[in-house]
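# Architecture at a glance
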Amino acid sequence: MTNMKSIKTLSILFLCLLGLQVFGQDTPKEEPPMPPARKAAIDSLALEKVHDLSKYISKIGDKETSFSEASRVIERALELFVDDAQIGVSTLGKSQIRYFAIKKYLERLNKLNYKSVNIEWFDIQYISDLEKQPDGKYVGVITIYQKFTGVTEDGMVYKDITKKDITIYVERKTTQIGGREIGFWDVLLGDIKVSETKKG
Amino acid sequence: MIQKIHKVIILLVLSVFLFEGNCYAQGIGHYKGDESKLYAETKQFTQFVKRFNNEEDMNGQPYPTGSYKFRELSMRKKYLEVLFDSENASLTKKLKKDFIDDVTNSKAPKFIEKRQGGYFAQVETRYLYKGKNINVTLYLRLQADSLGYKWAIFDVYSDVLQGIHKNDTSKKNFLHPMSHEIDFMNLHRAFRDPNEIEDYGVNGYKMDYLSVLFYLAKSGDLTFVTVNKVKFHIFQISGWYFSVEKFERDSYNSGWMISQLMPLKNEDMEVWTQHILQKDK
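About the cut-offs
- Residues numbered from 1 in each chain as written.
- Chains lettered and ligands numbered in written order.
- Predicted model: local features only at pLDDT ≥ 70, side-chain atom pairs only at ≥ 80, totals over all residues.
- Heavy atoms only, no water.
- Helix = DSSP H or I, 4+ residues; strand = E, 2+ residues; numbered from the N terminus.
- Buried < 20%, exposed > 50% of the residue type's maximum accessible area, 1.4 Å probe, protein only.
- Contact = heavy atoms within 4.5 Å.
- Areas by Shrake-Rupley, 256 points an atom, 1.4 Å probe, with all protein chains shown as cover.
- Salt bridge = Lys/Arg side-chain N within 4 Å of Asp/Glu carboxyl O.
- Phe/Tyr/Trp six-rings, centres within 6.5 Å; stacked < 30°, edge-to-face > 60°.
- Lys NZ or Arg CZ within 6 Å of the ring centre and 35° of its normal.
- pLDDT = per-residue confidence, 0-100.
- Domains from an automatic or database assignment.
- Polar contact = N/O pair within 3.5 Å; in protein donor to acceptor, adjacent residues only side chain to side chain.
- Axes fitted to C-alpha atoms, helices over the stretch in contact; angles between N-to-C directions.
- Parallel < 35°, antiparallel > 145°, perpendicular 65-115°, else oblique.
- Left-handed = near helix turned anticlockwise from the far one by under 90°.
- Core = buried A, V, L, I, M, F, W, Y, C linked by side-chain atoms within 4.5 Å.

### Points about the overall build of chain B
Along its length, chain B carries 10 helices and six strands. Here chain B holds 281 residues, and 44% of them are scored as buried. Put simply, of all contacts in chain B between residues at least 6 apart along the chain, 58% involve residues at least 24 apart. When the accessible surface of chain B is split by element, carbon and sulfur atoms take 57% of a total near 15800 Å².

### As for the pattern of salt bridges
What the rule picks out here adds up to 27 salt bridges over all chains. Close ionic contact of E69(A) with R72(A) constitutes a salt bridge, the shortest N to O distance being 3.1 Å. Of the two residues, E69(A) and R72(A) are both situated in helix α3 (residues 67–78); the distance of three residues between them amounts to about one turn of the helix. What makes E69(A) partly exposed here is its relative accessible area of 23%. K172(B) is the partner of E196(B) in a salt bridge, and the nearest nitrogen-oxygen pair spans 3.4 Å. With E196(B) in the loop between α8 (187–190) and α9 (209–219) and K172(B) in the loop between α7 (159–164) and α8, this pair connects stretches of sequence that are 24 residues apart. By sharing partners, the salt bridges in this structure join D129(A), E131(A), K50(B), K114(B) and R115(B) into a single network.

### Here's the deal with the packing of aromatic side chains
Residues and elements named next belong to chain B. Taken as a whole, this structure holds 26 aromatic pairs over all chains when the rule is applied. Taking 5.4 Å as the distance between ring centres and 85° as the angle between the ring planes, the aromatic pair formed by Y127 and F224 counts as edge-to-face. With Y127 in strand β1 (residues 119–129) and F224 in strand β4 (residues 222–234), the pair connects residues that are 97 residues apart, well separated along the chain. A relative accessible area of 8% places Y127 in the buried class. By way of ring pairs, the aromatic residues F45, F48, F52, F84, F99, Y119, W151, F232, W240, F242 and W256 are connected into one cluster. The lysine or arginine in question, R115, covers the ring of Y149, its NZ or CZ lying 3.9 Å from the ring centre.

### Things to note about the side chain of T104(B)
One can find T104(B) in the loop between α6 (93–103) and β1. The contacts of T104(B), once residues within four sequence positions are left out, are L73(B), R76(B), K77(B) and L80(B).

### Looking at the confidence of the model for chain A
As a note on interpretation, predicted positions should not be read in detail where pLDDT is low. Chain-level statistics for chain A give a pLDDT mean of 83 and a share of 82% at 70 or above. Ignoring residues within four places in sequence, the model shows residues 12–25 of chain A, a span with pLDDT below 50, making one contact including any to other chains.

### Regarding the domain arrangement of chain B
Residue and element names in this part refer to chain B. Taken domain by domain, chain B holds domain 1 (41–117 + 235–276) and domain 2 (119–169 + 179–228). On a C-alpha basis, the centres of domain 1 and domain 2 stand 34 Å from each other. With nine residues of domain 1 at the contact, the number on the domain 2 side is six residues. For the interface between domain 1 and domain 2, the tally reads three residue pairs in polar contact (both at pLDDT 80 or more).

### Structural notes on the packing of helix α2 (residues 36–61) of chain A against α3(A)
Residues and elements named next belong to chain A. Relative orientation of the contacting elements α2 and α3 amounts to 160°, with a least axis distance of 9 Å. In terms of orientation, α2 lies roughly antiparallel with respect to α3. The handedness of the crossing between α2 and α3 comes out as left-handed. Residue-level inspection shows L53, Y56, K59 and I60 of α2 in contact with α3, the latter providing E69, A70, V73, I74, R76 and A77.

### Let's talk about unusual backbone geometry
Residue and element names in this part refer to chain B. You will see that D183, though not glycine, has its phi angle at about 50°, which is positive. In this structure, D183 sits in the loop between α7 and α8. The phi torsion at Q278 lies on the positive side, around 60°, for a residue other than glycine. One can find Q278 in the segment after α10 (269–276).

### Concerning the nonpolar core
Counting residues in each nonpolar core, the largest one holds 41 residues, and the members touching the most others are F48(B), F52(B), F99(B) and F242(B). When residues of this core are traced back to their parent elements, those giving at least two are α4 (45–53), α6, β1, β2 (132–145), α9, β4, β5 (240–247) and β6 (255–263) of chain B. Those residues in contact with F99(B) that sit more than four places away from it in its chain are F52(B), F84(B), I237(B), W240(B), F242(B), I258(B) and L261(B). Listed in part, the 38 residues of the second largest apolar core include V89(A), I119(A), I142(A) and F148(A).

Structure representation (structure tokens):
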């Protein structure tokens, strides 16, 4: 009789635990925040990629860059991004966003054919926390400000100051080096929201 | 060197901005540098929360772990003062002071916790519906899912979508109570006039407009065009409601800021939420 009671109690406990697991599925396990040193290293890697993108943009927009070289640089620039990333542009006084695929945006820049393109960075950036998304990758947003100056063949100067909110995806990956598995953090850029803040 | 000096000037300006709450407008008005405004701007909603809670320094750097400055209340008061839209006359000095005093009460300070719910986003969007532009308001909240979190649409409002369906409760059409004996052959009458179709639903039936939105998108009748505006509604601070919006202007008072603030009793929260979700229209 006592045995039966114990089995019954255990069964109820088991079912309760099972139930808790089912309810628990919706809530991710609260993980301790990323250690500041690691976060700083990832932020710096992400900023490096953003700087690379700027360099590529200057090169692509420059008339001195040959078509084949520009195509090569566009390919390099695309390697910084996740698939299907887009650039959303909002201009001063208009709230709506216009969307461009990254490749189209860069090709368009190349076709504008500026005699020279200069991108200056403001000494300000803001980097959000990294949040985990459902697939386990981390996502964050880096906000930077840049001044774009493009000079056309006939000497016309186009200037604007933009705020760029750049999505970054951070993923823990592993690679085999000399038979050993080495872990590393990979950073890729995602959607970029470009807001014109001021005509230069 | 010049850059360094420039940065020091900016930091001094921002310090004045944050420390001299009452006279900052005058002091800053003389400074024409661009970067100081960019420093002052609350650049992300994340930064709004961190400034609201005083979790980062004036450069936007998080306080080191264990720092006494983290959520420290006197500095927090200074941050809070610059988190209001200064061009909104309805945000009176007294209202702001009452709010700041309440959330920085040393016995029971109130903070925004990003994982505790109690806030949602309102996103104004534009779609093409059967070739015409229509405005649709989406409501999204942060939801735990699998290994992390995601923003998920939980409600929708659009004059056009809501207008598709009859709202009045006066029902004049019905299937008579002996319809079963004729194998409900009279159903054809129910579907003859789409404008009256709701009459045939059970009393108390409620249209799920989010499903309608998804259906129209799937059927190809509705195509997403753009996002026009984003606004956050915060209910998490007990005794208060406030909204946060982005103000893009060439000013020291720019970025994500409190656009509306009002005391809110717990018992009124449901009614106010329904109002924001436009359920009372």
